[in-house]
Structure formats: structure tokens, C-alpha cells
Amino acid sequence: MQQSNTYIITFSVILTVILGLLLSGTSQVLGPMQKEAIALDNKKQILGALISGDEIAAMSPKEVNAYYESRVSTVVVDINGKEVTEQDGVAVTAETVDVAKNYKKPKEERLFPVYIYHAEGNPDDVANYVLPLYGAGLWNAIWGYIALDTDMNTVGGITLAHAGETPGLGARITDSEVQSRYVGKTIYDESGKLVAVEMQKGEGIDYSNSPHKVDGMSGATITGKGVNNMLYNYLNYYQAYIESKKSSTAVAAL
Amino acid sequence: MSAETVEKAIVTKSAEALLSKRRKKLISDPLVDDNPVTIQVLGICSALAVTTQMKPTLVMAIAVIFVVVMSNFVISLMRNTVPGRVRIIVQLAVVATLVTLVNEVLKAFAYDMYKELSVFVGLIITNCIVMGRLEAFAMGNKPYDSVLDGFGSALGYSWIILAVAFFRELLGSGAVFGVPVYDYISSLFGPDFTLATNGLMVSPVGAFMILGIIIWVQRTKTGYVEH
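Quantities reported herein were computed from a predicted structural model and do not represent experimental measurements.

Rules of the game
- Residues numbered from 1 in each chain as written.
- Chains lettered and ligands numbered in written order.
- Predicted model: local features only at pLDDT ≥ 70, side-chain atom pairs only at ≥ 80, totals over all residues.
- Heavy atoms only, no water.
- Salt bridge = Lys/Arg side-chain N within 4 Å of Asp/Glu carboxyl O.
- Helix = DSSP H or I, 4+ residues; strand = E, 2+ residues; numbered from the N terminus.
- Buried < 20%, exposed > 50% of the residue type's maximum accessible area, 1.4 Å probe, protein only.
- 1 Å grid on protein atoms, 1.4 Å probe; cavity = no way out; pocket = protein on both sides within 12 Å on 5 of 7 lines; lining within 4 Å.
- Points joined across faces, edges and corners; volume = space filled by probe spheres on them.
- Nonpolar A, V, L, I, M, F, W, Y, C, P; charged D, E, K, R; others polar.
- Axes fitted to C-alpha atoms, helices over the stretch in contact; angles between N-to-C directions.
- Parallel < 35°, antiparallel > 145°, perpendicular 65-115°, else oblique.
- Contact = heavy atoms within 4.5 Å.
- UniProt positions renumbered as here; feature names shortened; annotations may be inferred.
- Pairing = 2+ DSSP bridges.
- Polar contact = N/O pair within 3.5 Å; in protein donor to acceptor, adjacent residues only side chain to side chain.

### A short note on the pattern of salt bridges
1) Next: The full count for this structure, using the stated rule, is 11 salt bridges over all chains.
2) Next: Salt-bridge contacts for Asp145 of chain B lead to Arg22 of chain B; the nearest nitrogen and oxygen are separated by 3.0 Å. Within this pair, whereas Asp145 of chain B is found in helix H8 (residues 143-173), its partner Arg22 of chain B is found in helix H1 (residues 21-28), the two being separated by 123 residues in sequence.
3) Next: When its relative accessible area of 3% is taken as the criterion, Asp145 of chain B is described as buried.
4) Next: Taking relative accessible area as the criterion, Arg22 of chain B reaches 24% and is therefore assigned partly exposed.
5) Next: Among the salt bridges present, the one from Arg23 of chain B reaches Asp145 of chain B, with a minimum N-O distance of 2.8 Å. On the criterion of sequence distance, the pair formed by Arg23 of chain B in helix H1 and Asp145 of chain B in helix H8 is long-range, its members being 122 residues apart.
6) Next: In this structure Arg23 of chain B comes out as buried when scored by relative accessible area, which is 11%.
7) Next: Put simply, Arg172, Asp175, Glu177, Arg181 and Glu203 of chain A are held in one network by salt bridges that share partners.

Here it is as C-alpha cells:
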């Protein structure tokens, strides 16, 4: 009964159409809310490089947005550290720059957003510069944000996130304990060369006297290497911008 | 209905009570005597993966209950029109759609949870409990009975993973639902006293051990022996 090929094909087609409509409908309805959720999550990650995770967790979405509005201003720069306000006739803001998409372009064409953390309501009183990071871990993409102090050398904080690192091993880059290892490290060596901060192989070694090394994650050496490459690459891309800020603060200090 | 369908429809009287003894059994049987995790040993993968903390486990449990109940209901409604030769694909399509719905809703309303559960919500599709109930029950029974059956099975799965998560979070992170229980207990014994957490419980190995102990205790009590 009901087993003819025509019946089976008709049944399959109808089912496919119904389920397809259902899914695309849901995606349409929920799309704006998902975008909002992703934007909020992004802001939380940026703030995560600056203030503690517990503090962010205690804030409602509205408070996060308000805090971000009042404390963070943004610029977009190119590889030469020059500010970019529009590209191909379209206005460019840090919120519209997709770091993951830019990652696929040659670095000369990429746009690099900078998030400037300043005192409340006073964009000139800068506390930190937050730069996005993006790279490859062991299994999938990893990304994050690094906050530099105004000397453009000392790491004020870092947030790291991943798409599919191994739970308990590489996924530990999201642990606040692992991220706190970066705080206070410096990215330039004594001769003024950019060396970034390198996560070492092995775990449990005290690197508090080495300004460019942090303790590694046992069993996650490849993820650690991914983080190292990501940090080095992105600090390099921003080097022109970093240098320009460095010289301007040096002048201000004189 | 297809010739291959596994179980014969249970004959019911038209005026059967909404929660008759037989229907109550549909829900209560999978809780202990025929538990999908501890007796049928299904859905172990997700039971190991998501149970490091209570909160994501609860969300996972709710997601599984939703998917099992809804897919049982939908498949049961269609059971007389589904062509036998493609019934597995039809079941899979329905389950996959429901799982995607759950995933989309989580992404929109609970993004942090969506990130935490990540692939495991998607993997509900491969949870043997879902397909198992569809094949074994929903293809041969009326919608209301199928809903009860799905609810019972999902509940049986849920309480086991919640129990595993309770012990794993308590012993591994010293907390229950994120409340730092160990800190409170430690503070009772003076400032120098701290209860140590067990890192093994955070890794999947811990889930194996807890699950094994639960199965052991349960089978000692019920006297169930595998044939």
C-alpha cells in the first residue's frame, strides 16, 4: 500500500518544502534578534579584555550596551596605521568590520578596527587600546581581543575565544586564569623590536620574570601555538598604528 | 502503516482516561525500570559531554524533552502516510528540523548558552533515544500515547544527566548551579580551610565513573541483568 515510487517522491517533496519553509521562516523571524545577541556578545568580549568577567556577568544586556557606549570609542585603520572612514563610498565603522572576513583578504586590503577604552564621557582620556585578534587553533578558528596600556607596550588584558578547540585542553584559552597570565607582559623587547608574547610548551613554570613569555597549557601545545601566531600577526598588522600612538604619547610626555 | 513497523498498535478503548494506569506506565517505565541511559545505554555521548555543570545540562535536558516529544507527536500523526521505504529519512528530517529550531531559538534568546552547548544541541539529532522512540513507538501508536512515551523517555534521560551533572559540578567545581557550595562549607571551618575540588570530575572520564556508579546502584536495587 502507498508504496509506489510516485507516492514516495511526492511525499518527500512535500515534506521537504514544508520543513524548508518552517526553517527559513524561523531564521527570518529570529535573525534580527540573533544579530543583536551576537553584537552584544562581541561587546562583552571587548570589555572582557578590560574588566573582569564577573563584573560583565553581573551586568544586564542594557547595562553592557550603556557601559560600552560611554566608555568605548572606535576607529578603523589600514595596514599603514591611517584612519579609514569610508571604503568604496560606504562609511566604515568598527562595528561593520568583520574581522573574520577581513582575515581572508590580503593584509594590505584589510581594515583593522581599534576600540579605545576611555574615561567615562571623555574620549581623550584614554586608558587602553583594544585590538582584535583572529587566527587558527588546532581544529577551528580562534579569536579574541587584546588590551594595550597607553604605553602601547604593556598588555592590560586579553580575551580569547574559540569555535571548536578540545574541551579541557585547548578550550582552556577561554579560562580567566589562562587569560590572566598575559596581564602585565610587554610586546616590545629592549631594543624596540616587536616580539609579542609567547605561550610556552608545558605547564606549571613560573615566567613572572620573563616579560614576553607566559605559562603554557598542558596537552594543548598546538592551540597555544595558534594563539602565539595570532598575537604576533595581529600586533604586526597594527604596528604602524601602535608606533604612531607611541610617538604621540612620547611627545605628550615631554 | 508500513509492514516493517516494529510494534503492533496497542488497542485502546475510546473512553480511556486521560491518565489511565497504562498511560502512567508509559511515562514512569523509562524513569527507572526501562531507563534509556542506564538500562538501554542510549545517549551516552551527550551524557558525557554536557554534564560538567548543572545549568547547561538543564538546558540540554529541556531541549531533548522538546525534541523527543514533538518528533514523537509529528511522526505519530504522519505514521499512516509515511512510506515505509523512506521512513528513517522522514524521521531524520523531522528531528533535524526540530533540533535546528531549538538551536536558532537558543541563538536568539540565550546566546551564552548557545555558545556553551555549541555542537551538542545539534548532536541531539544523533541521540539514539530520539530515533529509537520514533521507530519503536511513534510509528505504531496514536499521537497522545506517543507524546506520553516521548515525555517519559526524555525525562528518564534528563534526570540521569542532571544527576551526573550534580555530582560532577559539586566534586569538580565545588558548586551547584553555579552557587559555590564548597566556599560556604570551607568558610565554616575557619579561614585556612579549603575543600579541594577534583579535576578528574571536570573531564569526561568523571562522567563515565559517575554514570557507572549510578548504573551499578540502580541494577543492584532492581536486580536487572543484561541478557
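### As for empty space enclosed by the protein
Residues and elements named next belong to chain A.
1) Next: Counted by the stated rule, this structure contains 1 cavity of 30 Å³ or more.
2) Next: There is about 40 Å³ of room inside the largest cavity.
3) Next: Lining the largest cavity we find Val99, Asn102, Tyr103, Arg110, Leu111, Phe112, Pro113, Tyr234 and Tyr238.
4) Next: Mapped by element, the contributors of at least two residues to the lining of the largest cavity are helix H4 (99-103) and strand E4 (112-119).
5) Next: Sort the elements by how many residues they give to the lining of the largest cavity and H4 lands first, with 3 residues.
6) Next: Here the residues of the lining of the largest cavity sort into 7 nonpolar, 1 polar and 1 charged.

### Side note on the packing of helix H1 (residues 5-48) of chain A against helix H4 (residues 87-109) of chain B
To characterise two packed helices, one gives the angle between the axes of the helices and the distance between these axes.
1) Next: With their axes 8 Å apart at the nearest point, H1 of chain A and H4 of chain B run at an angle of 10° to one another. Compared by their axis directions, H1 of chain A and H4 of chain B come out roughly parallel. In this structure, H1 of chain A uses Phe11, Leu15, Leu19, Leu22, Leu23, Thr26, Ser27, Leu30, Met33, Gln34, Ala37 and Ile38 of chain A to contact H4 of chain B, whose residues at the interface are Val90, Ala93, Val94, Thr97, Thr100, Leu101, Glu104, Val105, Lys107, Ala108 and Phe109 of chain B.
2) Next: Residue composition of the contact of H1 of chain A with H4 of chain B, by class: 16 nonpolar, 5 polar and 2 charged.

### Comments concerning the UniProt feature "transmembrane region" (unreviewed entry) in chain B
Residues and elements named next belong to chain B.
1) Next: The feature "transmembrane region" (unreviewed entry), as given by UniProt, occupies residues 58-77, 89-111, 117-134 and 195-217 in the numbering adopted here.
2) Next: Between the end C-alpha atoms of residues 89-111 there is a gap of 30 Å, over a span that is 96% helix and 0% strand.
3) Next: Annotation note: span residues 117-134, helix share 67%, strand share 0%, distance between end C-alpha atoms 24 Å.

### What about the layout of surface pockets?
1) Next: What the second largest pocket holds in volume is close to 270 Å³.
2) Next: What lines the second largest pocket is a set of 15 residues, and nearest its centre among them are Glu36, Ala37, Leu40 and Pro61 of chain A together with Ala108 of chain B.
3) Next: Put simply, the parts of the chain that give the lining of the second largest pocket at least two residues each are H1 and helix H3 (61-71) of chain A together with H4 and helix H5 (111-117) of chain B.
4) Next: With 8 residues, the single largest contributor to the lining of the second largest pocket is H1 of chain A.
5) Next: The residue makeup of the lining of the second largest pocket, split by class, is 9 nonpolar, 1 polar and 5 charged.

### Section: helix H7 (residues 128-136) of chain B
1) Next: Among all positions in H7 of chain B, only Ile129, Val130, Met131, Arg133, Leu134 and Glu135 of chain B are buried.
2) Next: Considering only its buried residues, H7 of chain B is in contact with helix H3 (54-78), H4 and H8 of chain B.

### Let's talk about the sheet that holds strand E7 (residues 155-162) of chain A
Residue and element names in this part refer to chain A.
1) Next: Spatially, E1-E4-E5-E6-E7 is the arrangement adopted by the 5 strands of the open sheet, whose pairing is antiparallel. Edge strands, defined here as strands with exactly one partner in the open sheet, are strand E1 (72-77) and E7. If you compare each strand with its neighbour and ignore which way they point, the axes differ by 25° on average.
2) Next: Bridging between E4 and strand E5 (residues 122-136) involves 5 bridges; their strand directions are antiparallel. Each bridged residue has a counterpart across the sheet, and for Tyr115 the counterpart in E5 is Val130.
3) Next: Taken strand by strand, H3 contacts E1 and E4, and its axis lies near 90° from that of E4.
4) Next: Lying over the sheet, helix H6 (residues 221-237) contacts E4, E5, strand E6 (141-149) and E7, oriented at roughly 130° with respect to E5.

### Structural notes on the interface of chain A and chain B
Reports of interface size often rely on the accessible area that becomes lost once the parts have come together.
1) Next: Tallying the contact residues gives 21 residues for chain A and 24 residues for chain B.
2) Next: Linking chain A to chain B there are 2 salt bridges.
3) Next: Our count for the chain A to chain B interface comes out at 4 residue pairs in polar contact (both at pLDDT 80 or more).
4) Next: In terms of residue class, the side of chain A that touches chain B is made up of 12 nonpolar, 7 polar and 2 charged.

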